[in-house]
Structure formats: C-alpha cells, structure tokens
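Below are the chains, spelled out letter by letter.
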Amino acid sequence: MPLTQETPMDKEIEDLLQKVKEANRKPFWQSTPQEARSGPMLMALLFGEPPAVERDESFTIPSSQGFALPVRLYVPSAAPKGLIVYFHGGGWVIGTVAGYHPFTATLANRTGCAVLSVDYRLAPEHPFPLPVDDALAAIRWAASDAAAKAIGIAPRTLVAMGDSAGGNLATVASRIHNASGAGRKVDLQVLAYPVADHDFQTGSYAEFAEGNLLTRNDMKWFWGHYCSDESKRSHPDASPMRAQDLSASPEALIVTAGRDPLRDEGEAYGQRLQDAGVPTEVVRGEGLVHGFLAMIHYAPSAGRAFEKMVKAIERATSK
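Residues numbered from 1 in each chain as written. Predicted model: local features only at pLDDT ≥ 70, side-chain atom pairs only at ≥ 80, totals over all residues. Heavy atoms only, no water.

## Re the layout of surface pockets
The computed volume of the largest pocket comes to approximately 720 Å³. For the lining of the largest pocket, a count of residues per class yields 20 nonpolar, eight polar and four charged. Taken as a whole, the second largest pocket encloses approximately 360 Å³ of empty space. Along the walls of the second largest pocket sit 14 residues, with Val-20, Arg-25, Glu-210, Gly-211 and Thr-215 positioned nearest its centre. The biggest single contributor to the lining of the second largest pocket is helix α1 (residues 11–23), with three residues. (1 Å grid on protein atoms, 1.4 Å probe; cavity = no way out; pocket = protein on both sides within 12 Å on 5 of 7 lines; lining within 4 Å. Points joined across faces, edges and corners; volume = space filled by probe spheres on them. Nonpolar A, V, L, I, M, F, W, Y, C, P; charged D, E, K, R; others polar. Helix = DSSP H or I, 4+ residues; strand = E, 2+ residues; numbered from the N terminus.)

Right, dumping it as structure tokens:
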C-alpha cells in the first residue's frame, strides 16, 4: 500500500543513533514535562541556521476559553502561492514555534507559500481537547478574511501540515473544519510520521520499541499527559483512526519513517482515508527515523522525503 523507498539508513542517521546511545540521556518517559522541555530538540541540534524570509510577524488569534493563541506568520513574497498552517511535533507536551523557526522559514521559502506556525497549548497543563481547539481555531482563521488581510492577498490554496503530534492535530482540525460546511475548505493535508491512534501493539511498535529516538515508553508517556483518561483516547478527535467517517478530510500526503513506532498507524490511517474516498498518497522512508524533518540538511534521505512534501504542495498550489 505505501510507495516504499528502498533506502538503507544513511550513515548520518546511524551516527546520530550511536551518539544518542552513548550520551545516555534521560528518556522522556523518565522525565517530568519541565525536564523534557528544557533539553535541546533535534531541530536545534541538526537543522542549521534559519533562512531569511521576506516578512514574518508574530501575533495572537482567539481560541477557546478566551485563550489568545500565539502564531507566527511567514510571508515569502508579495504574492505567495498558498497558506500552510503548520503544527509542530513534540507529543503534545514539548515543542514551540520558536524551536521550529528554522524549519518553518525554510518551508515558506521552498514552497513559495505563506506559513502560519501555531503555538498550541501543551499538555499536561492543557490536555485534550484544548490543543485540538487551538488547531481548529488556527485553521478557521486561515480560512477567513483575516488571513488574507494579514498576508496581503487571499491564498488560493489552504494546506494543513504537521509532524508527529502536530500531524495528529493537522488532520483532526482539517477534517472537523471541512465537515462543518465552511465555505473555504482545507485543500491538502501533509502529515509527517503522524500520531493516528493509541494502539501500542502494532507491528512497528513491537519492532521499534527501543533504540530509534522515539520509544514505545515515550509514546505511552506522551499519551498519558495528553489524554490521561484512557477511555477518551478512542475519541476521533484524539485518535483519528477511530473516526467513523473520514470522507470530509482533505486530500492527503502521509510520509512515514521506516524505523518508527508510529509507522504502521500512519500507513493504516492512509488506508482508512483511501477507503473513505479521499485521494491519499502514503510514502515510507525505509531508512528514516522519527523526527526526520529536523534532519533535512543532515541526512540525504530526510532531504528527499522533504522534497516529496514540497512537490505535493507545489502540485496543490498549481491547480
């Protein structure tokens, strides 16, 4: 079912895994959220310097419970091709817009699209469904006249994009928005190694429980903070695999990592979208590990996976 890239693991990724092993860092699942947030993220360690973007600004948009949701808008030109709403990874517990700045600035320049990077509320202080509320608020803003005013032009194409937990929020929020009957729908979703379910017994969870940056115990820890009430994890807004009807979802590109506990659920979710009649492409990067978007300037295979995302966005914006 996935379009598989028969690519061995890059030496750079092998070296990275060895360095992580030798560093003997405290794993997420043995940390407090504050400890996890205090450590350097892969983006800071591997991505490199952020490129200049023609214009970027930070502001807030309204979300639930009166929350002023911080966002950062990147505008790469006077006439961007579209608008990408980006949700960062980090298991709903860690990660920030500032931390993802090198990537989102690069994304704007490479695609020619404006990018709205979203600082959604984090668990455990703000558990499910508050991050979903923020994601939906960002999508609704992006589909409104306010976005056109902020960008300086009405974007022709609206894309929801995210990695890991951010991919979860991107797909959930875009489905809810499109199903609401909104006049301006999300045209494309681009998901990198998304969290699609809360099932820790898949084949990839068994095969990659340890040793590839993200572990099964880490994911149990993230889910425990995001949705501590296990009975709520089957809600389709938490686990999109459990949605009865995915037909309102936008066209999708899902890129999984071959050596990732989340691989199988991401690919199974792609099959669910296809079964619902949603045009969906699933690409597996065989030699890749979770978090590879931080590695696009570090490991050649990660760069190639990112290029597939850029090409999908370019196709959507040229329609």
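## Let's talk about the packing of aromatic side chains
Following the criterion strictly, the structure yields 14 aromatic pairs and no others. Look at Trp-92 and Tyr-226: their rings are 3.9 Å apart centre to centre, the planes differ by 5 degrees, and that puts the pair in the stacked class. One end of the pair, Trp-92, is in the loop between β4 (82–87) and α4 (101–111); the other, Tyr-226, is in helix α9 (residues 216–226), with 134 residues separating them in the sequence. Classification of Trp-92 by relative accessible area gives buried; the value is 0%. Judged by its relative accessible area of 0%, Tyr-226 is buried. (Phe/Tyr/Trp six-rings, centres within 6.5 Å; stacked < 30°, edge-to-face > 60°. Buried < 20%, exposed > 50% of the residue type's maximum accessible area, 1.4 Å probe, protein only.)

## Some remarks on the packing of α4 against helix α11 (residues 300–317)
Across the interface, α4 lies against α11 with an axial gap of 10 Å and an inter-helix angle of 50 degrees. If you check the angle between α4 and α11, you find them oblique. Crossing angle aside, the handedness with which α4 passes α11 is right-handed. Residue-level contacts link Phe-103, Thr-106, Leu-107, Arg-110 and Thr-111 of α4 to Phe-306, Glu-307, Val-310, Ile-313 and Glu-314 of α11. Class assignment for the residues of the contact of α4 with α11 results in five nonpolar, two polar and three charged. (Axes fitted to C-alpha atoms, helices over the stretch in contact; angles between N-to-C directions. Parallel < 35°, antiparallel > 145°, perpendicular 65-115°, else oblique. Left-handed = near helix turned anticlockwise from the far one by under 90°. Contact = heavy atoms within 4.5 Å.)

## Things to note about the pairing of strand β9 (residues 280–289)
Looking down a regular strand, the side chains alternate between one sheet face and the other. The buried fraction of β9 is high, at eight of 10 residues. Where strand β8 (residues 251–259) lies against β9, seven bridges are found, and the strand directions are parallel. By the bridge assignment, Val-255 is partnered in β9 with Val-283. Once the chain exits β8 it traverses helix α10 (residues 263–275) before rejoining the sheet at β9, and the crossover so formed is right-handed. (Pairing = 2+ DSSP bridges. Right-handed = clockwise from strand over helix to strand, strands pointing away.)

## Some words on the side chain of His-290
Structurally, the position occupied by His-290 is in the loop between β9 and α11. Only 2.9 Å separates the side chain of His-290 from the side chain of Asp-260, close enough to count as a polar contact. In contact with His-290, not counting residues within four places along its chain, are Leu-42, Ser-164, Tyr-193, Leu-213, Leu-214, Ala-257, Arg-259, Asp-260, Leu-262 and Met-295. (Polar contact = N/O pair within 3.5 Å; in protein donor to acceptor, adjacent residues only side chain to side chain.)

## What about the packing of helix α5 (residues 130–142) against helix α7 (residues 165–179)?
If you want to describe how two helices pack, look at the angle between their axes and the distance between the axes. Where α5 meets α7, the axes come as close as 9 Å, and the angle between the chain directions of the two elements is 60 degrees. With respect to α7, the axis of α5 lies oblique. The two elements α5 and α7 meet at a crossing, and its hand is right-handed. The residues of α7 that touch α5, namely those facing Pro-131, Val-132, Ala-135, Leu-136, Ile-139 and Arg-140, are Leu-169, Val-172, Ala-173, Ile-176 and His-177. Per-class residue counts for the contact of α5 with α7 are nine nonpolar, one polar and one charged.

## Re the pairing of strand β5 (residues 114–118)
For β5, the buried fraction is high: five of the five residues fall into the buried class. In terms of strand pairing, strand β3 (residues 68–75) meets β5 through four bridges, oriented antiparallel. From the neighbouring strand, Tyr-74 faces β5, where its bridge partner is Val-115. By the bridge criterion, five bridges tie β4 to β5 in an arrangement that is parallel. Looking across to β5, one finds that Leu-83 is bridged to Ala-114.

## Side note on the pattern of salt bridges
Under the definition given, this model contains 17 salt bridges. Note that Glu-57 is salt-bridged to Arg-55, the shortest N-O span being 3.0 Å. Of the residues examined, Glu-57 reaches a relative accessible area of 32% and is grouped as partly exposed. Assessed through its relative accessible area of 31%, Arg-55 is described here as partly exposed. (Salt bridge = Lys/Arg side-chain N within 4 Å of Asp/Glu carboxyl O.)

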